Number of protein chains: 2
Amino acid sequence: MEQYVVGIDIGGTNSVYGVVDARGTIVASGSMKTGSYEQVEDYIDELVKGLEFMIRQVGGKELIKGIGVGVPNGNFFNGCIEFAPNLPWKGKIPFAKLISERIGIPVALTNDANAAAIGEMTYGAARGMKDFIVITLGTGVGSGIVVNGSLVYGHDGFAGELGHVVMRRTNGRLCGCGRTGCLEAYASATGVARTAREILEICNKESILREIAPEDITSKDVFDAAVKGDKIALEIFEFTGNMLGEAFADFIAFSSPEAIILFGGLTKAGDLIMNPIRESMYKNTLNVFKGKTQLLFSQLKESDAAILGASALGWEAK
Amino acid sequence: MEQYVVGIDIGGTNSVYGVVDARGTIVASGSMKTGSYEQVEDYIDELVKGLEFMIRQVGGKELIKGIGVGVPNGNFFNGCIEFAPNLPWKGKIPFAKLISERIGIPVALTNDANAAAIGEMTYGAARGMKDFIVITLGTGVGSGIVVNGSLVYGHDGFAGELGHVVMRRTNGRLCGCGRTGCLEAYASATGVARTAREILEICNKESILREIAPEDITSKDVFDAAVKGDKIALEIFEFTGNMLGEAFADFIAFSSPEAIILFGGLTKAGDLIMNPIRESMYKNTLNVFKGKTQLLFSQLKESDAAILGASALGWEAK
């Protein structure tokens with residue numbers, strides 16, 4: 001009888017989940033809005049309904065080996081979501097326990113970016129690599145670090161918060177974490193939109209982006225404008241890419257990865273973001289590492305990677 | 001018959017070496033000035049003489065299982081010293097091969113800071129820890145990173161160059177590596193001396209340090225003055241500790257270590273440097289990690305730790 005696992009990816013905006021077979025095919029899936037549930041109990045009620053419906057579709061829970069969850073600030077060691085600044089639920093939530101009690105299937109949980117790294121290693125751009133870093137560029141900026149073939153969890157299960165290294169120590173932007181100058185405050189989707197507002201305000205150059213009310217500009221608007229050759233939009237990607245390259249040079253000094261793999265919404269910008277990152281990374285990297293680390297895009301579809309990565313944890317859930 | 005290993009630690013200023021038994025006791029040792037040998041061949045000639053003399057003292061080379069070397073920019077994977085900015089010898093030197101050919105004993109080689117981390121894990125402050133970082137504060141600033149019980153070498157053998165993360169992206173000090181703003185340019189012994197010169201120049205406050213010609217001030221002078229309560233000297237440690245704390249907060253975001261262990265000359269300043277580091281590290285650390293990472297001094301004598309750490313590699317040399 002065919003065995004499956006379930007992968008759940010909880011993002012700041014959307015949650016996606018799917019049933020995955022042993023070959024890495026997603027055979028059923030669903031999604032819901034994370035932000036619509038202020039109480040985690042209400043979120044779980046709705047998620048459990050969705051999971052149960054999906055699991056019935058594939059033949060019932062006897063066929064499900066385990067459930068893996070990828071979630072911001074997810075702690076692999078204790079199965080809790082702890083103090084996630086980009087989620088509606090505060091404090092420490094024993095999420096794996098709450099789900100497994102309701103569904104009756106073992107649940108393992110980790111950081112969403114760690115889940116993406118597992119997915120990339122198993123099915124994507126990091127196949128065969130033992131040392132790499134996945135950087136997720138979405139609502140926030142996250143990371144999954146693999147050293148010598150294993151995920152870096154740290155002593156407490158939370159290692160790999162590379163969105164919160166400090167890039168600007170004076171006059172840094174306020175970050176969602178309450179500190180200032182973090183990479184995430186610049187390179188997340190909201191960071192890119194903020195860069196747009198700042199550049200539009202301090203200069204008088206023409207731009208398609210001026211047709212949008214400043215507070216409504218999104219990173220997608222910047223992308224659309226850049227594709228049309230809008231100079232300000234290109235400058236925004238240049239600024240964002242430059243900062244990511246500076247950050248990556250420091251990451252290389254830490255773990256000297258074979259590759260840094262970019263994942264998430266911002267990667268849709270393709271060369272518009274990749275070229276400035278590559279240039280800045282090369283310029284800023286210490287001589288001994290120069291030119292050794294590949295810069296790659298994820299080879300998995302965004303929603304698939306999240307589900308596949310999380311689901312891989314499901315095989316080990318106990 | 002008792003078996004031994006040899007540990008060699010090559011620093012920018014001095015080199016030390018010793019014969020170590022299976023219980024970690026240094027039974028014979030020697031030293032030489034690294035900087036006096038412009039040609040690596042001359043250095044090796046002298047080193048080999050010293051090693052052979054020492055090995056005869058303990059009963060001959062039949063008793064030596066292997067030789068471990070800790071050296072800046074030492075590559076564990078190929079046994080080479082590659083482009084070390086703080087050593088007199090340029091380019092890529094197949095050091096392990098050169099030594100093993102002369103002595104007829106297998107040689108393994110790694111970064112000096114990695115060797116210190118192995119020493120700390122085996123005999124020092126990191127006993128029983130699986131996730132920690134050793135920061136060496138000497139002529140340069142180095143690091144040995146341990147994740148899940150293993151040293152982080154990276155894909156090329158050079159991971160852990162934490163002295164070269166960039167702390168000041170505008171008006172940063174020129175570093176020995178050719179870039180600007182690196183941690184090492186501030187927190188190394190020469191960095192501390194430079195901070196002294198800069199602070200003395202921009203203010204008029206009285207200080208014992210004004211009795212020394214600015215270009216002759218060393219980090220030891222700053223320590224001696226601080227012990228006497230000299231306000232400028234204390235301010236210099238405050239500045240240095242603050243920057244180290246900022247850097248450590250970023251390191252914690254990377255690998256979430258159980259402890260950061262300080263090693264090397266600057267640690268002689270004790271609380272004078274530890275207190276400002278601890279305060280700054282706490283202030284700058286992301287909430288999820290706050291208060292979780294211990295800040296410790298090495299528990300090994302400086303020269304012993306280097307020899308012991310390097311020698312531990314000797315047991316595995318092939």
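Our subject is the structure listed above.
Values in this document were obtained by computation on a predicted structure and should not be read as measured data.

Here we look at the packing of helix H6 (residues 219-227) of chain B against helix H7 (residues 231-255) of chain B
Residues and elements named next belong to chain B.
Reasoning step 1: Where H6 contacts H7, the two axes come as close as 7 Å, and the packing angle between them is 120°. Taken together, the axes of H6 and H7 are oblique relative to one another. When the axes of H6 and H7 are compared, the crossing they make is left-handed. Only Ala233, Leu234, Ile236 and Phe237 of H7 make contact with H6, whose side of the interface consists of Val222, Phe223, Ala225 and Ala226.
Reasoning step 2: Classifying every residue of the contact of H6 with H7 gives eight nonpolar, no polar and no charged.

Overview of helix H1 (residues 40-57) of chain B
All names here are of chain B.
Reasoning step 1: Relative to the 26 Å expected for 18 residues at 1.5 Å per residue, H1 spans 26 Å between its end C-alpha atoms, a close match to the ideal helical length.
Reasoning step 2: Along H1, the positions that sit buried rather than exposed are Val40, Tyr43, Ile44, Leu47, Val48, Gly50, Leu51, Met54 and Ile55.
Reasoning step 3: Looking at the packing, one finds that the buried side of H1 touches strand E1 (4-10), strand E2 (14-21), strand E3 (26-33), strand E4 (64-70), strand E6 (92-93) and helix H2 (95-103).
Reasoning step 4: With its phi angle positive at about 120°, Gly59 sits one or two positions after the end of H1.

Section: helix H3 (residues 112-123) of chain B
Residue and element names in this part refer to chain B.
Reasoning step 1: If you check H3, its first and last C-alpha atoms are 16 Å apart, about what 12 residues at 1.5 Å a residue would give, namely 16 Å.
Reasoning step 2: Burial within H3 is extensive, with nine of its 12 residues counted as buried.
Reasoning step 3: Where H3 is concerned, the buried positions are Ala113, Asn114, Ala115, Ala116, Ala117, Ile118, Gly119, Glu120 and Tyr123.
Reasoning step 4: Of the residues flanking the start of H3, the one acting as N-cap is Asn111, its side-chain oxygen 2.8 Å from the backbone nitrogen of Ala113.

Topic: the interface of chain A and chain B
Frequently, the measure chosen for interface size is the accessible area removed from exposure when the parts meet.
Reasoning step 1: Residue-level contacts link 40 residues of chain A with 40 residues of chain B.
Reasoning step 2: Across the chain A/chain B interface, buried area totals approximately 3,300 Å², and carbon plus sulfur atoms make up 60% of it.
Reasoning step 3: When residues of chain A are sorted by the area they lose upon contact with chain B, His155, Arg169 and Phe254 of chain A head the list and together hold 25% of the total.
Reasoning step 4: In this assembly, chain A and chain B are joined by six salt bridges.
Reasoning step 5: The interface formed by chain A and chain B holds 20 residue pairs in polar contact (both at pLDDT 80 or more) in total.

Focus: the packing of H7 of chain B against helix H8 (residues 271-284) of chain B
Residues and elements named next belong to chain B.
Reasoning step 1: Two numbers describe how H7 lies on H8: the axes approach to 7 Å, and their chain directions differ by 40°. If you check the angle between H7 and H8, you find them oblique. You can see that H7 and H8 cross each other, and the crossing is right-handed. Contacts between H7 and H8 involve Leu234, Phe237, Glu238, Thr240, Gly241, Asn242, Leu244, Gly245, Glu246, Phe248, Ala249 and Ile252 from the first element and Leu272, Ile273, Pro276, Ile277, Ser280, Met281, Lys283 and Asn284 from the second.

Here we look at the relation of the copies chain A and chain B
Reasoning step 1: In screw terms, the move from chain A to chain B is a rotation of 180° and a rise of 0.0 Å along the axis, fitting with an RMSD of 0.0 Å. Put plainly, the chains are arranged around a two-fold axis.
Reasoning step 2: Taken as a fraction of all interface residues of chain A, those also at the interface in chain B reach 100%, which identifies the copy contact as same-surface.

Considerations on the pairing of strand E11 (residues 259-263) of chain A
Residue and element names in this part refer to chain A.
Reasoning step 1: Taking burial as the measure, the five residues of E11 include five buried ones, the bulk of the element.
Reasoning step 2: By the alternation rule, side chains of E11 split into Ala259, Ile261 and Phe263 and Ile260 and Leu262, which are all buried.
Reasoning step 3: Bridge count for strand E8 (residues 132-137) against E11 is five bridges, and the pairing is parallel. Bridge assignment links Ile133 to a residue of E11, and that residue is Ile260.
Reasoning step 4: Of the strand pairs in this sheet, E11 and strand E12 (residues 294-297) are connected by four bridges, and their pairing is parallel. Bridged to Leu262 within E12 is Phe297.
Reasoning step 5: Running through helix H8 (residues 271-284), the crossover from E11 to the neighbouring parallel element E12 is right-handed.

Concerning the environment of Arg197 of chain B
Residue and element names in this part refer to chain B.
Reasoning step 1: Position of Arg197 among the secondary structure elements: in helix H5 (residues 189-202).
Reasoning step 2: Overall, Arg197 belongs to the partly exposed group, its relative accessible area being 29%.
Reasoning step 3: Considering only alpha carbons, one finds Arg197 and Ala213, 16 residues apart in sequence, at a separation of 9.5 Å.
Reasoning step 4: If near-sequence neighbours (up to four positions away) are discounted, Arg197 is found in contact with Pro214, Glu215 and Ile217.

Conventions used here
- Residues numbered from 1 in each chain as written.
- Chains lettered and ligands numbered in written order.
- Predicted model: local features only at pLDDT ≥ 70, side-chain atom pairs only at ≥ 80, totals over all residues.
- Heavy atoms only, no water.
- Axes fitted to C-alpha atoms, helices over the stretch in contact; angles between N-to-C directions.
- Helix = DSSP H or I, 4+ residues; strand = E, 2+ residues; numbered from the N terminus.
- Parallel < 35°, antiparallel > 145°, perpendicular 65-115°, else oblique.
- Left-handed = near helix turned anticlockwise from the far one by under 90°.
- Contact = heavy atoms within 4.5 Å.
- Nonpolar A, V, L, I, M, F, W, Y, C, P; charged D, E, K, R; others polar.
- Expected span 1.5 Å × (residues − 1).
- Buried < 20%, exposed > 50% of the residue type's maximum accessible area, 1.4 Å probe, protein only.
- Polar contact = N/O pair within 3.5 Å; in protein donor to acceptor, adjacent residues only side chain to side chain.
- Buried area = accessible area lost by both parts, 1.4 Å probe.
- Salt bridge = Lys/Arg side-chain N within 4 Å of Asp/Glu carboxyl O.
- Least-squares fit on C-alpha atoms with pLDDT ≥ 70 in both.
- Pairing = 2+ DSSP bridges.
- Right-handed = clockwise from strand over helix to strand, strands pointing away.

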